[in-house]
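Structural characterization, general
Listed here are the chains, written in short residue letters.
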Amino acid sequence: MSRPGSETPLLRVRGLEVSYRVGVRRHMAAVRGIDLDVRAGEVVALVGESGSGKSSAARGILQLTRPSAGTVELSGQELTAIRGRELRRARRDAQMVFQDPYSSLDPSMTIGEAIAEPLVVHTRDRGDERRRKVVEMLERVGLHAHHADRYPHEFSGGQRQRIAIARALVLRPRLLVADESVSALDVSSQNQVLSLLSELIADLGLACLFITHDLAVVRSVADRVAVMYLGTLVEQAPTEELFAAPRHPYTAALLSAALVADPRIQRTRERIRLSGELPDPRHPPTGCAFAGRCPYAAEVCGDVPALRALDDGRAVACHRAEEVVVELGASALRTTTITRER
Ligand code: SF4
């Protein structure tokens with residue numbers, strides 16, 4: 001998918017750090033200094049295993065958790081520098097769709113009431129005007145006006161996620177953060193919700209940060225992909241380039257683990273199996289955080305690799321990115337061939 005997006009980023013994140021208190025005096029760094037830009041009309045996928053820090057990054061960006069360092073600018077306004085009413089007003093421009101379509105809607109509220117709630121909190125819209133906006137959003141997500149008077153239990157998982165999207169968009173935000181928004185759905189509902197999201201992003205000129213552990217769903221929706229590992233970004237690239245030739249060994253492993261639709265291809269391709277577990281973020285390793293699981297680890301990896309730009313326009317945090325040759329089948333992740341050089 002190729003959506004050009006404007007040149008000036010709508011969301012500009014620099015040096016974002018998010019920490020949580022563990023115990024009396026200790027803190028755990030869940031996000032350890034990331035830079036990220038998202039332009040209007042652009043979808044950037046933030047990808048990583050559970051525990052990589054991607055949801056903490058989203059919470060830090062939306063100021064749901066106050067970052068311990070770094071800046072977040074939305075439409076030129078520095079969210080990290082404002083508080084109280086000013087922050088609440090700015091947050092209207094950034095809305096989130098959560099993972100679980102079953103728990104994100106209050107079962108005692110009708111769909112119409114749920115979609116109208118942000119209008120009640122943030123606007124002076126009343127009566128017909130409020131109802132008009134609710135119906136307009138219902139129709140935009142493929143539902144009908146009469147659905148407004150029904151309750152969440154009367155809808156399927158895919159429909160509930162459409163309702164959650166309608167609720168997130170009723171204030172006409174400029175940034176949508178979708179946190180594992182299709183992970184709980186079956187494949188057919190996933191595809192429908194992804195294509196609805198793509199359509200809405202293009203029509204409304206939204207910027208979208210799409211958070212997922214599953215690279216397989218990224219390809220149809222994202223313009224760029226940022227891969228997170230233990231609180232840092234390890235690779236950023238345009239989606240097709242990343243799928244065609246990942247340059248970080250962790251990205252290659254994630255890609256090789258992604259499911260392929262064609263079962264014949266799925267059976268024949270080689271899978272990169274990582275040894276070990278994601279390190280405990282309370283005790284991050286020194287040097288490259290991936291070294292304990294990396295088939296290319298060498299002496300140089302005792303130093304932390306910075307995220308650096310490569311000749312082909314992508315950025316990667318690996319000392320050996322130029323040496324690591326990783327070829328994944330460009331169109332369908334067909335085969336996996338790795339040249340290991342030690
Ligand atoms: Fe592997 Fe070294 Fe690159 Fe880290 S810096 S990903 S350990 S090769």
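Rules used throughout
Residues numbered from 1 in each chain as written. Predicted model: local features only at pLDDT ≥ 70, side-chain atom pairs only at ≥ 80, totals over all residues. Heavy atoms only, no water. Core = buried A, V, L, I, M, F, W, Y, C linked by side-chain atoms within 4.5 Å. Buried < 20%, exposed > 50% of the residue type's maximum accessible area, 1.4 Å probe, protein only. Domains from an automatic or database assignment. Contact = heavy atoms within 4.5 Å. Helix = DSSP H or I, 4+ residues; strand = E, 2+ residues; numbered from the N terminus. Pairing = 2+ DSSP bridges. Axes fitted to C-alpha atoms, helices over the stretch in contact; angles between N-to-C directions. 1 Å grid on protein atoms, 1.4 Å probe; cavity = no way out; pocket = protein on both sides within 12 Å on 5 of 7 lines; lining within 4 Å. Points joined across faces, edges and corners; volume = space filled by probe spheres on them. Nonpolar A, V, L, I, M, F, W, Y, C, P; charged D, E, K, R; others polar. Salt bridge = Lys/Arg side-chain N within 4 Å of Asp/Glu carboxyl O. Phe/Tyr/Trp six-rings, centres within 6.5 Å; stacked < 30°, edge-to-face > 60°.

Among the nonpolar cores identified, the biggest contains 62 residues, and Ile115, Ile165, Phe210, Leu215, Val218, Val225 and Tyr229 are the most heavily contacted of them. No fewer than three residues from each of domain 1 (11–222) and domain 2 (243–342) sit in this core. Contact partners of Phe210, with chain neighbours within four places excluded, come to Val43, Val44, Ala45, Leu46, Ala178, Val182, Leu194, Leu197, Val217 and Val221. Counting residues in each nonpolar core, the second largest holds 31 residues, with Ala58, Ile61, Leu79 and Ala207 among its members.

In terms of residue burial, strand 3 (residues 43–47) counts as a mostly covered element, since five of its five residues are buried. Across five bridges, the pairing between strand 3 and strand 8 (residues 207–212) is parallel. Bridged to Leu46 within strand 8 is Ile211. When strand 3 meets strand 9 (residues 224–229), the two strands line up parallel, connected through four bridges. The residue of strand 9 that forms the bridge with Val47 is Val227.

Our focus in this paragraph is the sheet that holds strand 6 (residues 94–97). Pairing is mixed across the open sheet formed by eight strands, whose spatial order is 6-7-8-3-9-10-12-11. Edge strands, defined here as strands with exactly one partner in the open sheet, are strand 6 and strand 11 (308–309). The sheet contacts of helix 5 (residues 157–169) involve strand 6 and strand 7 (175–179), and relative to strand 6 the element is tilted by about 170°.

Our focus in this paragraph is the layout of surface pockets. In this model, the second largest pocket occupies a volume close to 470 Å³. Taken together, 18 residues line the second largest pocket, and the ones lying closest to its centre are Gln95, Met96, Phe98, Pro118 and Arg167. Where the lining of the second largest pocket is concerned, the elements lending two or more residues are helix 2 (84–91), strand 6, helix 3 (111–122) and helix 5. Here the lining of the second largest pocket is built from residues that sort into eleven nonpolar, three polar and four charged.

As enumerated under the stated definition, the model contains 17 salt bridges in all. In this structure, Arg39 engages Glu42 in a salt bridge whose closest nitrogen and oxygen atoms are separated by 4.0 Å. Both residues of the pair, Arg39 and Glu42, belong to the buried class. Where Arg308 meets Glu322, a salt bridge forms, and the shortest distance between an N and an O atom there is 2.9 Å. Pair noted here: Arg308 is in strand 11 and Glu322 is in the loop between strand 12 (315–316) and strand 13 (325–328), with a separation of 14 residues, a long-range link. For Arg308, a relative accessible area of 29% translates into the label partly exposed. Among the charged side chains, a salt-bridge network with shared partners connects Asp125, Glu129, Arg132, Lys133, Glu136 and Arg172.

A few words now on the packing of aromatic side chains. The final tally for this structure, using the stated rule, is three aromatic pairs. Members of the aromatic cluster, joined through ring pairs, are Tyr229, Tyr250 and Phe290.

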